[in-house]
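Fold and contact review
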Amino acid sequence: MSTDTPGSQSSLHRANLERVLRAVRMAGSLTQAEIARGTGLSAATVSNIVRELKESGTVVVADTSSGGRRARSVSLSGDAGIVVGVDFGHTHLRVAVGNLAHRVLAEESEPLDVDVSAQQGFDLAERMVARLLEQAGFQADKVIGVGLGVPGPIDVETGALGSTAILPGWTGVTPGQELARRLGMPVHVDNDANLGALGELVWGAGRGLGDLAYIKVASGVGAGLVINGQIYRGPGGTAGEIGHIVLDEAGPVCRCGNRGCLETFVGSRYLLNLLNANHPGELTLGKVVQLAQQGDLGCRRVIADAGRQIGMGVATLCNLLNPRRVILGGDLAEAGELVLSPIRDSVARYAIPSAARQLSVVPGTLGGRAEVLGALALVMSEMGETGGL
Ligand SMILES: [Zn+2]
């Protein structure tokens, strides 16, 4: 080692160490060969770093096999710290406690009308976090960070909910600061579509991919974009607002002030309006999907048309970003092929063939858990940048 530049040597070493840790953190477990491939570091460097991390108790190394050959898998030690995920949906609050080895130790969901009052929501979040930590058998001081999901865009500079948020009871609230104050823990906050994308990337239908889009269709329509393994948020935090792509400039007025946005054709409120006249009783998107699967022609038609329109948005996204996979989440994803097949048809029709050819459109595999698991993954993905492990 050169003696005249000790600073640069050690900062290079730290950077390499952080790259290895980040790769392992996001994948859950990797062989040393996979770490070398993923980080671009040499096998010898990876081997040295893994040995160092093992000696400090940060990682555990186990024998495994890879492609029929013996290999050593590296994962973070389960004792290295605890992460907490909190997901505010429109009708529920879901909380999960996990460790850095990607094991979910406790998870629960409770009904919550999130629009009523932010304070009631935070009261419930505080109680659930305390209860689940106790269930998992950990004290609060073991928690490295909390990931918080909210159903609306977050302003990157102020941490407040953005202007298109559909949460009247949350006006003026900065959710991350409020939860951090109440729990006394560092909190990372993001919108539900970004967390759904992270959840599916780390635990679900996007595992092993570097480029994907997660499209959540519920009350609103949003996309979480993963580019080179990282969520792309844009400087203002509003990247991925696919719901506001204009399909018809003479269409219905949208909550964003524009007309004929994708959301005004496929957001749950608009879909339910189409069916209210001839479907008595209270309809929900879940009920519409169920009726469609039972053969209700009106519900099938509405879902197929929604798929076609979502596909137009996906085609635009595909032309711009050329993702390898589009993962559909939210209630509408439960309709399976009834919605996926029209999406694929639209993509084939409207996207540039070379962009569409490589694309697969699939349903998420995590269902309603995608966001809360994404909240756990958010803490893991932000750790290096906050000086943690
Ligand atoms: Zn709009």
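In case you missed it, the structure is sitting above this.
My aim in this report is to walk through the structure given alongside it, one point at a time. Because the structure is predicted, anything quoted here is derived from the model rather than measured.

Another aspect to go through is the sheet that holds strand β1 (residues 29-31). In space, the 3 strands of this open sheet follow the order β1-β3-β2, with antiparallel pairing throughout. This sheet does not close on itself; its edge strands, each paired only once, are β1 and β2 (59-66). Here the strands of the sheet are splayed against their neighbours by 35° on average, with no regard to which way each runs. Bridge analysis of β2 against strand β3 (residues 69-76) gives 8 bridges, and the strand direction is antiparallel. Its bridge partner lying in β3, S66 is registered against R69. This element, helix α2 (residues 32-39), spans β1 and β3 of the sheet and lies at about 95° to β1.

A few words now on the pattern of salt bridges. The final tally for this structure, using the stated rule, is 18 salt bridges. Two residues, R70 and D63, come together in a salt bridge whose shortest N-O distance is 3.7 Å. Taken individually, R70 and D63 each receive the classification exposed, so the pair is uniform in this respect. The partner of E107 in a salt bridge is R369, with the nearest N and O atoms 2.7 Å apart. With E107 in strand β6 (residues 104-111) and R369 in the loop between β13 (360-363) and α13 (370-382), this pair connects stretches of sequence that are 262 residues apart. The exposure class of E107 is partly exposed, given its relative accessible area of 22%. Using a relative accessible area of 32% as the deciding quantity, one classes R369 as partly exposed. Taken together, the shared-partner salt bridges connect D123, E126, E178, R181 and R182 into one network.

In contact at an axis separation of 7 Å, helix α6 (residues 192-203) and α13 are set at 80° when each is read in the N-to-C sense. Regarding the angle of α6 to α13, the classification is roughly perpendicular. Contacts between α6 and α13 involve D192, L195, G196, L198, G199, E200, V202 and W203 from the former and A370, E371, L373, G374, A375, L376, A377, L378 and M380 from the latter. Split by residue class, the contact of α6 with α13 holds 11 nonpolar, 3 polar and 3 charged.

Empty space within the second largest pocket amounts to approximately 630 Å³. As for the second largest pocket, its lining consists of 19 residues, of which A23, M26, A27, L209 and G229 are closest to the centre. Every element with two or more residues in the lining of the second largest pocket is listed here: α1 (6-27), β1, α2 and α6. Ranked by residues supplied to the lining of the second largest pocket, first place goes to α1 with 5 residues. The residue makeup of the lining of the second largest pocket, split by class, is 7 nonpolar, 8 polar and 4 charged. Composition of the lining of the second largest pocket by domain shows at least three residues from each of domain 1 (10-76) and domain 3 (206-364).

Before going further, it helps to spend a moment on the coordination of the zinc ion. Only H244 (ND1), C254 (SG), C256 (SG) and C261 (SG) from the protein reach the zinc ion as donors, at distances of 2.0 to 2.3 Å. Metal-centred angles of 105 to 121° between the 4 donor atoms at the zinc ion mark the site as tetrahedral. Between consecutive donor residues of the zinc ion, the sequence gaps follow H-x9-C-x1-C-x4-C. Take C261: its relative accessible area is 0%, and that puts it in the buried class.

Bringing the environment of V326 into the picture now. Mapping V326 onto the fold places it in strand β12 (residues 325-329). Here V326 falls in the buried class, since its relative accessible area comes to 2%. Here the alpha-carbon distance between V326 and I215, two residues 111 residues apart in the chain, equals 7.2 Å. With sequence-adjacent residues up to four places away left out, V326 is seen in contact with A213, I215, V314, L317, L359, S360, V361 and V362.

With that settled, the discussion passes to helix α9 (residues 285-293). Looking only at α9, the buried set comprises L285, V288, V289, L291 and A292. Taken down its axis, α9 places every buried residue within 165° of arc, on the same side. In this structure, the buried side of α9 is in contact with β9 (212-217), α8 (268-276), α10 (297-321) and α11 (337-350). At the C-terminal side of α9, G295 shows a positive phi close to 105°.

Glancing now at the sheet that holds β6. Sheet architecture is open: 5 strands sit in the order β6-β5-β4-β7-β8, paired in mixed fashion. Every other strand in the sheet has two partners, leaving β6 and β8 (187-191) as the edge strands with one partner each. The average angle at which neighbouring strand axes cross in this sheet is 15°, direction not considered. Note that strand β4 (residues 82-88) and strand β7 (residues 143-150) share 6 bridges and pair parallel. Within the sheet, the bridge partner assigned to I82 lies in β7 and is V143. Its contacts with the sheet put α6 on β6, β7 and β8, and the angle it makes with β8 is roughly 105°.

Conventions adopted
- Residues numbered from 1 in each chain as written.
- Predicted model: local features only at pLDDT ≥ 70, side-chain atom pairs only at ≥ 80, totals over all residues.
- Heavy atoms only, no water.
- Pairing = 2+ DSSP bridges.
- Helix = DSSP H or I, 4+ residues; strand = E, 2+ residues; numbered from the N terminus.
- Axes fitted to C-alpha atoms, helices over the stretch in contact; angles between N-to-C directions.
- Contact = heavy atoms within 4.5 Å.
- Salt bridge = Lys/Arg side-chain N within 4 Å of Asp/Glu carboxyl O.
- Buried < 20%, exposed > 50% of the residue type's maximum accessible area, 1.4 Å probe, protein only.
- Parallel < 35°, antiparallel > 145°, perpendicular 65-115°, else oblique.
- Nonpolar A, V, L, I, M, F, W, Y, C, P; charged D, E, K, R; others polar.
- 1 Å grid on protein atoms, 1.4 Å probe; cavity = no way out; pocket = protein on both sides within 12 Å on 5 of 7 lines; lining within 4 Å.
- Points joined across faces, edges and corners; volume = space filled by probe spheres on them.
- Domains from an automatic or database assignment.
- Donors = N, O, S within 2.8 Å, 3.2 Å for Na, K, Ca; no water.
- Tetrahedral: all angles 85-135°; square planar, octahedral: opposite > 155°, others 65-115°.
- Arc of directions from axis to C-beta.

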